[in-house]
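Residues per chain, in single letters:
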Amino acid sequence: MRIALGLQYDGSPYSGWQTQLSLNTVQDELEKALTAFIGKDACQSDPVRVITAGRTDTGVHALGQVVHFDTNVDRENWSWVRGVNSFLPESIVVNWAKPVSEEFSARFSAYERTYFYALHAGPCRTPMVAKRSGYLMLALDRWLDIDAMKLAAACLIGEHDFTSFRSSECQSKTPVKTLYEIEIVSDQPWVYFRIKGNAFLHHMVRNLLGSFVMIGTGKQTPEWMKTVLEAKDRSIAAPTFSPDGLYLAKIAYPEEFDIPAPWLDNSWFPKKTSLRTNKPERLLFDYGPSHLFTR
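All values reported here derive from a predicted model rather than from experimental measurement.

Topologically, T52 is positioned in strand β2 (residues 51–52). Exposure remark for T52: the relative accessible area of 8% places this residue in the buried category. Among the polar contacts made by the side chain of T52, one reaches the main-chain carbonyl oxygen of G54 at a distance of 3.4 Å. Among the polar contacts listed, one links the side chain of T52 to the side chain of Q65, at a separation of 3.0 Å. Residues contacting T52, with those up to four places away along its chain left out, are W17, Q65, V66, V67, A106 and R107.

Here is the structure:
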């Protein structure tokens, strides 16, 4: 039986998603929780291994992460949710669970990914959102040029070679990716970025953020973004921006798999952003016979 799970997590305590020797990762915590729920004896001959839609980096968060795993254990959907959550730390939660066909892959069946970035700007950082938002020091009487950043974003839409925004450690077979939408919302002292594409290179969103900040602060013109993109040279782009404000927000799958949309109403992002305009009506999961939780 193949089970898909929808996850949210605060990535600040972890060294990213993927299991690494002697490091604490989200994958490690989830696989430990699944093993504890299924039972160690049952997992001795068939260890739990989860496949994820996107391997988030150190400090990066998720609102709509999707994973799958194979198991011989049969449980109700609500039982997977409640049972696995009882073994997870507070920084990770399972929002939904459902059986899927063997044709489903959390990674390879995905055709679209959306990232969200929350940036706080002003003369002082706020400790209230430490490790959960990016920060840019700005004088009290200054603000970012939002219109310039929006102009710069236009050249990024479509299929391009994003080598200039690619980490040297990137393992993608090709630097060519397609961006569908970039939304930039100003709500001083906050700026919110929503970036949707078919796939992303390692550090791509954070490298784009660094370049947006250069333009927003007037250090570069909007036209500079196109110059950087066409150069296919990482050395001329801005430095990689902080992971703290980056969230894997949504993964899109073909309708045939009937994968639930992420549960975003419990996030602190403002409803004025497009990410929060969707109001799914379908049941998220049945938490026992008398309690229905909907998105």
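Membership of the largest hydrophobic core comes to 80 residues, with the highest contact counts inside it found for L5, L30, L156, F165 and F212. The element contributing the most residues to this core is helix α5 (residues 204–216), with seven residues. Apart from the residues lying within four places of it in its own chain, the contact partners of L30 are L5, L7, W17, V50, V67, V84 and L88. With eleven residues, the next largest nonpolar core counts W190, Y192, A249 and L264 among its residues.

Across all of its chains, the model carries nine salt bridges by this definition. One salt bridge connects R132 with D10, and the closest N-O pair in it is separated by 2.8 Å. Placement of the pair is R132 in the loop between β5 (112–122) and β6 (134–137) and D10 in the loop between β1 (2–9) and α1 (26–38), with a sequence separation of 122 residues. Exposure remark for D10: the relative accessible area of 14% places this residue in the buried category. For K32, the salt bridge identified is with E29, shortest N-O distance 3.5 Å. Here the residue K32 and the residue E29 both occupy positions in helix α1, the gap between them amounting to three residues, near one helical turn. Looking at K32, the relative accessible area reads 51%, which means it is exposed. One salt-bridge network, held together by shared partners, links E112, E181, E183, R194 and K196.

Turning our eyes to something else, we now look at unusual backbone geometry. Looking along the chain, the bond that leaves Q188 and enters P189 is cis, with omega of 10°. Inspection of the secondary structure assignment puts P189 in the loop between β8 (176–187) and β9 (190–197). Unusually for a residue other than glycine, K232 sits at a positive phi of about 50°. Tracing the backbone shows K232 in the loop between α6 (223–231) and β10 (246–252).

Once that is clear, we can look at the packing of helix α4 (residues 146–154) against α5. It is at 8 Å that the axes of α4 and α5 come closest, and there the two elements cross at 135°. As far as their axial angle goes, α5 and α4 are oblique. Judged by the sense of rotation from one axis to the other, the crossing of α4 with α5 is right-handed. Where α4 abuts α5, its residues A148, M149, A152 and A153 lie against F212, I215 and G216. Class assignment for the residues of the contact of α4 with α5 results in six nonpolar, one polar and no charged.

This next bit is on the environment of I38. Structurally, I38 is set in helix α1. I38 has contacts with C43, V48, F69, T71, V73 and W80, leaving out every residue within four places of it along the chain.

Every regular strand shows the same layout, with side chains that alternate between the two sheet faces. In terms of burial, strand β3 (residues 61–70) is a largely internal element, nine of the ten residues being buried. Pairing analysis gives seven bridges linking β1 to β3, with the strands arranged antiparallel. Residue pairing in the sheet places I3 in a bridge with F69 of β3. Taken together, the two bridges between β2 and β3 define a ladder with antiparallel strand orientation. Following the sheet pairing, I51 is matched in β3 by H68. When β3 meets β10, the two strands line up parallel, connected through two bridges. The residue bridging A62 from the neighbouring strand is L248, located in β10.

The rules behind each value
Residues numbered from 1 in each chain as written. Predicted model: local features only at pLDDT ≥ 70, side-chain atom pairs only at ≥ 80, totals over all residues. Heavy atoms only, no water. Helix = DSSP H or I, 4+ residues; strand = E, 2+ residues; numbered from the N terminus. Buried < 20%, exposed > 50% of the residue type's maximum accessible area, 1.4 Å probe, protein only. Polar contact = N/O pair within 3.5 Å; in protein donor to acceptor, adjacent residues only side chain to side chain. Contact = heavy atoms within 4.5 Å. Core = buried A, V, L, I, M, F, W, Y, C linked by side-chain atoms within 4.5 Å. Salt bridge = Lys/Arg side-chain N within 4 Å of Asp/Glu carboxyl O. Axes fitted to C-alpha atoms, helices over the stretch in contact; angles between N-to-C directions. Parallel < 35°, antiparallel > 145°, perpendicular 65-115°, else oblique. Left-handed = near helix turned anticlockwise from the far one by under 90°. Nonpolar A, V, L, I, M, F, W, Y, C, P; charged D, E, K, R; others polar. Pairing = 2+ DSSP bridges.

Treat this as a map of the structure, not an account of what it does.
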